[in-house]
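What follows is each chain in one-letter form.
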Amino acid sequence: FTRSSAANIPVNIALCKKLNLHEDTYSVSIPLGATINMAGAAITITVLTLAAVNSLHIDVDFGTAILLSIVASISACGASGVAGGSLLLIPLACGLFGINEDVAMQIVAIGFIIGVIQDSAETALNSSTDVVFSAAASHHLSKYTLNVEVLVTRSSGEFHDKKPSVIRLRNTLYYSYSSP
């Protein structure tokens, strides 16, 4: 297990190669995702902050919980790709509920204690979604690339002496012309 999204970049690139994804896509999306795709960090910030809020018997309505999730998601984009980077954003989230810094730092300390398990799970979520997003982008790109390749013909513009052939691709018929 790794606890760093940045350290997982070579593993994710190797996985993308194994999945035969477009190199132009994953060579950009994997490093970018290791920097700003911090879904696990957002979940950690939200869960630990809500645990503190619940422990202090502070009432939280649904709208405030959604606001906390949005703030955690946006601030997690700035969390570094190093181990424990998300824990330093917990005081920011605790500030939404008026929790003082001493209590917020106690929550951070709890995060450091459970850090090996918590940070490994957080990094696994961050890194796996980097590959999922890369695969989705690569699939979207390949869908249009294949359609364009089929539609392009090597003809000189005269089709009357060429023999038509039908190509079925994803249940769509395309006609291409080849020389006799």
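Remember, predicted model here, so these are calculated numbers, not experimental data.

S.K.: How do you make sense of the overall build of the protein chain when you look at a structure like this?
M.R.: If you tally the helices and strands in the protein chain, you get 7 helices and 2 strands. Of all 180 residues assigned to the protein chain, the portion counted as buried reaches 35%. In the protein chain, of all internal contacts separated by at least 6 residues, the share reaching a separation of at least 24 is 67%. Roughly 10900 Å² of accessible area belongs to the protein chain as shown, and the carbon and sulfur atoms make up 65% of that amount.

S.K.: What should I look at first to understand the environment of Tyr-26 in this one?
M.R.: Mapped onto the secondary structure, Tyr-26 falls in helix H2 (residues 23-36). Once the C-alpha coordinates of Tyr-26 and Ala-137 are considered, the two residues, 111 residues apart in sequence, prove to be 8.6 Å apart. If we skip the residues at most four places from it in the chain, Tyr-26 touches Ile-13, Cys-16, Lys-17, Leu-21, Pro-31 and Ser-134.

S.K.: Before we go on, may I ask you to explain the side chain of Asn-8 in this structure?
M.R.: Tracing the backbone shows Asn-8 in the segment before helix H1 (9-18). Engagement of the side chain of Asn-8 in a polar contact is seen with the side chain of Ser-127, the distance being 2.8 Å.

S.K.: Honestly, the packing of helix H3 (residues 39-55) against helix H4 (residues 62-76) in this entry has me stumped. Any pointers?
M.R.: A packed helix pair is summarised by two numbers, namely the angle formed by the two axes and the spacing between the axes. Contact geometry of H3 with H4 gives a least axis separation of 8 Å together with a crossing angle of 140°. Looking at the two axes, H3 sits oblique to H4. Handedness of the crossing formed by H3 with H4: right-handed. Between H3, through Ala-41, Ala-42, Ile-45, Thr-46, Thr-49 and Leu-50, and H4, the contact on the second element is made entirely by Leu-68, Ser-69, Ala-72, Ser-73, Ser-75 and Ala-76.

S.K.: Looking at this model, I keep getting lost on the packing of H1 against H2. Mind explaining?
M.R.: In the contact formed by H1 and H2, the axes pass within 10 Å of each other and the chain directions differ by 150°. Handedness of the H1/H2 crossing: right-handed. Of H2, the residues touching H1 (which contributes Ile-9, Asn-12, Ile-13, Cys-16 and Lys-17) are Tyr-26, Ile-30, Pro-31 and Ala-34. The residue inventory of the contact of H1 with H2, partitioned by class, reads 7 nonpolar, 1 polar and 1 charged.

S.K.: What should I look at first to understand a nonpolar patch on the surface in this one?
M.R.: Nonpolar side chains collect at one region of the surface, where Phe-62, Ile-66, Ile-70 and Ile-74 lie side by side and expose about 450 Å² of accessible area between them. What makes Ile-66 partly exposed here is its relative accessible area of 39%.

S.K.: What is the right way to look at H4 in this model?
M.R.: Along an α-helix, a turn takes 3.6 residues, which lines up residues three or four apart on a common side. Relative to the 21 Å expected for 15 residues at 1.5 Å per residue, H4 spans 21 Å between its end C-alpha atoms, a close match to the ideal helical length. Turning to H4, its buried residues are Leu-68, Ala-72, Ser-75 and Ala-76. One side of H4 holds all its buried residues, which, seen down the axis, span an arc of 100°. Those residues of H4 that are exposed and aimed more than 90 degrees away from the buried face are Phe-62 and Ile-74. Close packing links the buried residues of H4 with H3 and helix H5 (90-95).

S.K.: Help me out: how do you make sense of the nonpolar core in this one?
M.R.: What tends to happen in soluble globular proteins is that the nonpolar side chains get buried as a cluster. Ranked by internal contacts, the top residues of the largest apolar core, which has 21 residues, are Ile-45, Ala-76, Ile-90 and Ile-99. At the level of elements, H3, H4, H5 and helix H6 (101-113) are the ones that each hand at least two residues to this core. Those residues in contact with Ile-45, other than ones at most four positions away along the chain, are Ala-72, Ser-75, Ala-76, Ser-86, Leu-89, Ile-90 and Ala-93. Ranked by size, the runner-up nonpolar core spans 5 residues in total, among them Cys-16, Leu-21, Ile-30 and Val-131.

S.K.: Can you walk me through unusual backbone geometry in this structure?
M.R.: Note: most residues except glycine have negative phi, and most peptide bonds are trans. A positive phi angle, near 60°, is found at Asn-20, a position not held by glycine. Within the secondary structure, Asn-20 is located in the loop between H1 and H2. Given a relative accessible area of 68%, Asn-20 falls into the exposed group. Of note, the phi angle at His-57 is positive, near 55°, even though the residue is not glycine. Here His-57 is to be found in the loop between H3 and H4. Note on His-57: relative accessible area 72%, which makes it exposed.

What counts as what
- Counting from 1, residues in each chain are numbered in the order their sequence is written.
- Reporting of local features is limited, given that this is a predicted model, to residues whose pLDDT is at least 70; pairs of side-chain atoms are given and counted only at 80 or more, and all residues count toward the totals for whole chains, interfaces and linings.
- To get the side-chain values, take all heavy atoms of the structure and skip hydrogens and water.
- A run of DSSP states H or I qualifies as a helix once it reaches four residues; a run of E qualifies as a strand once it reaches two. Both are numbered from the N-terminal end.
- Think of it in three bands: residues with accessible area under 20% of the maximum for their type are buried, residues over 50% are exposed, and the middle band is partly exposed, with areas taken using a 1.4 Å probe on protein chains only.
- Here, two residues are considered to be in contact whenever any of their heavy atoms come within 4.5 Å of each other.
- A 1.4 Å probe and the Shrake-Rupley method give the accessible areas. Residues count as covered only by the protein chains that appear here.
- Definition of a polar contact: a pair of N or O atoms within 3.5 Å, with one able to donate and the other able to accept a hydrogen when the atoms are protein atoms, and with sequence-neighbouring residues admitted only if both atoms are side-chain atoms.
- Interaxial angle, 0 to 180 degrees, is taken between N-to-C directions of lines fitted to C-alpha atoms, where a helix line uses only the stretch in contact.
- Comment on the angle field: the value is read as roughly parallel under 35 degrees, roughly antiparallel over 145, roughly perpendicular from 65 to 115, and oblique elsewhere.
- Left-handed describes a crossing in which the near helix is turned anticlockwise from the far one by less than a right angle; the clockwise case is right-handed.
- Here the nonpolar group is Ala, Val, Leu, Ile, Met, Phe, Trp, Tyr, Cys and Pro; Asp, Glu, Lys and Arg are the charged ones; every other residue, Gly included, is treated as polar.
- Two joining distances apply to patches: 9 Å for like charges and 5 Å for nonpolar side chains (Val, Leu, Ile, Met, Phe, Trp, Tyr), and every residue must have over 30% relative accessible area and no salt bridge.
- For this document, the term salt bridge refers to a Lys or Arg side-chain nitrogen within 4 Å of an Asp or Glu carboxyl oxygen.
- Expected helix span is given by 1.5 Å per residue-to-residue step, counting one fewer step than there are residues.
- This arc is built from the directions going out from the helix axis to the C-beta atoms.
- By nonpolar core we mean a set of buried residues, namely Ala, Val, Leu, Ile, Met, Phe, Trp, Tyr and Cys, connected to one another through side-chain atoms within 4.5 Å.

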